[in-house]
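Remarks on the overall topology
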Amino acid sequence: MINWTRYNPIGEEEKQAVQSVLDSGVLSKYIGSWGADFLGGEQVQCFEKEFAQYFDVKHAVSFNSLTSGLISALGAIGISPGDEVIVSPWTMSATATAILVWGGIPIFADIEDTYYGLSPQDVAAKITHKTKAVMVTNVFGHGAKLDELKTICDAHNLHLIEDNAQAPGIAYQNTFCGTWGAIGGFSLNYHKHIHTGEGGVCVTNDDELALKMQLIRNHAEASIVGSPISDLTNMVGYNFRMGEMEAAIGRQQLIKLPRLLKKNIHQANHFIDQVQRSGYITLPAVEASSGHAYYVLPMQVPEGSRPNIIENLNHYHLQGIMPGYVNVHTLPMYKQRIAFGGGYPWNLSETDMATAEAHCPVAEHLHNHTFLGFLISMYDLTTDELDELTNILLKVVDDVCGAS
């Protein structure tokens, strides 16, 4: 097996920040009621302020994970049992599962094969009178077709929610991914570009949505007493709070984000420069006035070639190769419509869209036949290691496809 150095963005700055928190003795400062400590301690509040400034938004709300953040975001926009939320099949399962927490019904729309985000055409086709929101994932590190999706959502008075776990600090048409919709979410778990071990942040320019997310994060049913929010919808409390050590790490990681992105993009560009010599590999596209974080470096290979390509690559024991991605809509829970108490929330459905079996032909075909990814962000690769990897990939792909 070729052993590469694991990506590790944690350095002395984070160690010193954590030590400072430990020395203070204040590892968390939340109180689950409305008052001085409702918003947490100094590190949490400073991290949120700096995060909001970085992404040029009014509010940043931190969480113990982006899963918690997405649950809170959907609660804040008022998702109720039986409401439909259109979501991508190419995402981490939590993106869709967060909808179920409030009794909403995930409606899977297909993806497009350029940036692998939600297809605006399929989203438009799947809107019904029960649709309340669209959750888009900026998958692999490039924005989905956010301009078109936002136009659709605005026309139908729908909330656009962005799962931006894989594209932090990246612009789509000169606007940060994660800031196009009503709420955008960022992940800080250990294999992201910047991380705090576990953690997440949601951003918004809407004062009320920010406050509702803060309430849901911190025992809303109790902390709402005395707050300026009078609407009790979804004011059900959780403990989704980030600790002071994680926030202290996050502050240092945020400072490093431009440098860490630049390093990862440099790796990806070197990979692309080498691999583009092959006439058989489709490399990732980048929209004009946009960027790519290359959380995953997505590729496509010719129809029918992938099984042999994977078999031959396995002889080299390469790490980080992904034959296909994921189709969340094919997981047993969604196929059988069994979540809470059997059939809930699907047993509340009022539209054929909610009860019909999800088919996403583009996503399914890519996953089953032609998609090939490389988890480039998981490793710190030298130029020699990148050359070794690309030479192996080029040889295998050209041998397999040239012989067919």
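Above this text you will find the structure in question.
So, how was this worked out
Residues numbered from 1 in each chain as written. Predicted model: local features only at pLDDT ≥ 70, side-chain atom pairs only at ≥ 80, totals over all residues. Heavy atoms only, no water. Helix = DSSP H or I, 4+ residues; strand = E, 2+ residues; numbered from the N terminus. Rg over C-alpha atoms; globule rule 2.2 N^0.38 Å. Contact = heavy atoms within 4.5 Å. Areas by Shrake-Rupley, 256 points an atom, 1.4 Å probe, with all protein chains shown as cover. Lys, Arg positive; Asp, Glu negative; His and termini not counted. Charge placed at Lys NZ, Arg CZ, Asp CG, Glu CD. Buried < 20%, exposed > 50% of the residue type's maximum accessible area, 1.4 Å probe, protein only. Pairing = 2+ DSSP bridges. 1 Å grid on protein atoms, 1.4 Å probe; cavity = no way out; pocket = protein on both sides within 12 Å on 5 of 7 lines; lining within 4 Å. Points joined across faces, edges and corners; volume = space filled by probe spheres on them. Nonpolar A, V, L, I, M, F, W, Y, C, P; charged D, E, K, R; others polar. Disulfide = S-S within 2.5 Å. Axes fitted to C-alpha atoms, helices over the stretch in contact; angles between N-to-C directions. Right-handed = clockwise from strand over helix to strand, strands pointing away. Core = buried A, V, L, I, M, F, W, Y, C linked by side-chain atoms within 4.5 Å.

In this section: the overall build of the chain. Across its full length, the chain holds 14 helices and 14 strands. Taken over the C-alpha trace, the chain has a radius of gyration of 22 Å; the compact-globule value for 404 residues is 22 Å, and the two agree within 12%. The principal-axis extents of the C-alpha atoms in the chain amount to approximately 70 × 55 × 40 Å. Residue pairs at least 24 apart in sequence account for 71% of intrachain contacts in the chain once pairs closer than 6 positions are excluded. Roughly 16200 Å² of accessible area belongs to the chain as shown, and the carbon and sulfur atoms make up 51% of that amount. With 24 positive and 43 negative side-chain charges, the chain shows a separation of 3 Å between the mean positions of the two kinds.

In this section: helix 4 (residues 93–101). Those residues of helix 4 that sit buried are Ala94, Thr95, Ala96, Ala98, Ile99 and Leu100. Check the buried side of helix 4 and you find it contacts helix 3 (66–76), strand 3 (84–87), strand 4 (105–108), strand 5 (131–137), strand 6 (159–163) and helix 11 (332–336).

The subject of this paragraph is the pairing of strand 10 (residues 200–204). Within strand 10, five of the five residues are buried, which leaves it mostly tucked inside the rest of the structure. Taking every second residue as pointing to the same face, both faces of strand 10 are buried, with Gly200, Cys202 and Thr204 on one and Val201 and Val203 on the other. Bridge count for strand 9 (residues 183–187) against strand 10 is four bridges, and the pairing is antiparallel. Considered in strand 10, the bridge of Gly185 is made with Cys202.

Next up on the list: the layout of surface pockets. Its volume calculated, the largest pocket comes out at about 400 Å³. Together, 23 residues line the largest pocket, and Met92, Ala165, Ser187, Asn189 and Lys192 are the ones closest to its centre. Those elements that provide at least two residues to the lining of the largest pocket are helix 3 and helix 4. Among the elements that take part in the lining of the largest pocket, helix 3 stands out by supplying three residues, more than any other. Of the residues that constitute the lining of the largest pocket, the class distribution is ten nonpolar, ten polar and three charged.

What follows concerns empty space enclosed by the protein. The final tally for this structure, using the stated rule, is three cavities of 30 Å³ or more. A volume near 40 Å³ is recorded for the largest cavity. Thr114, Tyr115, Tyr116, Val139, Phe140, His142, Pro284, Ala285, His292 and Pro298 are the residues that line the largest cavity. Split by residue class, the lining of the largest cavity holds seven nonpolar, three polar and no charged.

Within the structure shown, the criterion is met by zero disulfides. With no disulfide of its own, Cys46 has Cys202 as its nearest cysteine by sulfur position, at a separation of 20 Å.

Spatially, seven strands are ordered 2-10-9-6-5-3-4 in an open sheet, and the strand pairing comes out mixed. Among the strands making up the open sheet, the edge pair consists of strand 2 (59–63) and strand 4. Looking at each pair of strands side by side, their axes are set apart by 25° on average, direction ignored. For strand 3 and strand 4, the ladder comprises four bridges, and the chain directions are parallel. For Glu84, the partnering residue across the bridge sits in strand 4 and is Ile105. Packed onto the sheet, helix 4 meets strand 3, strand 4, strand 5 and strand 6 and runs at close to 145° relative to strand 4. Docked against the sheet, helix 6 (residues 146–155) engages strand 5 and strand 6, running at close to 150° with respect to strand 6.

On the basis of which strands lie adjacent, the open sheet formed by three strands has the order 11-13-12 and antiparallel pairing. Looking along the sheet, the strands with just one partner apiece sit at the ends: strand 11 (297–300) and strand 12 (321–323). For this sheet, the mean inter-axis angle between neighbouring strands, taken without regard to orientation, is 20°. Pairing analysis gives four bridges linking strand 11 to strand 13 (residues 371–374), with the strands arranged antiparallel. Bridge assignment links Met299 to a residue of strand 13, and that residue is Leu372.

This next bit is on the pairing of strand 5. Most of strand 5 is tucked away, with six of its seven residues classed as buried. With four bridges connecting them, strand 3 and strand 5 associate as parallel partners. Within strand 5, the residue paired with Glu84 across the bridge is Thr131. Of the strand pairs in this sheet, strand 5 and strand 6 are connected by five bridges, and their pairing is parallel. When the sheet's bridge partners are listed, Thr137 is paired in strand 6 with Asp163. At this point the chain moves from strand 5, through helix 6, to the parallel strand 6, and the crossover so formed is right-handed.

In terms of nonpolar packing, the biggest core is built from 94 residues, with Phe51, Leu74 and Trp90 touching the most fellow members. With six residues, helix 3 is the largest single contributor of residues to this core. Leu283, Leu297, Met378 and Leu381 belong to the second-largest nonpolar core, a separate cluster that totals 30 residues.

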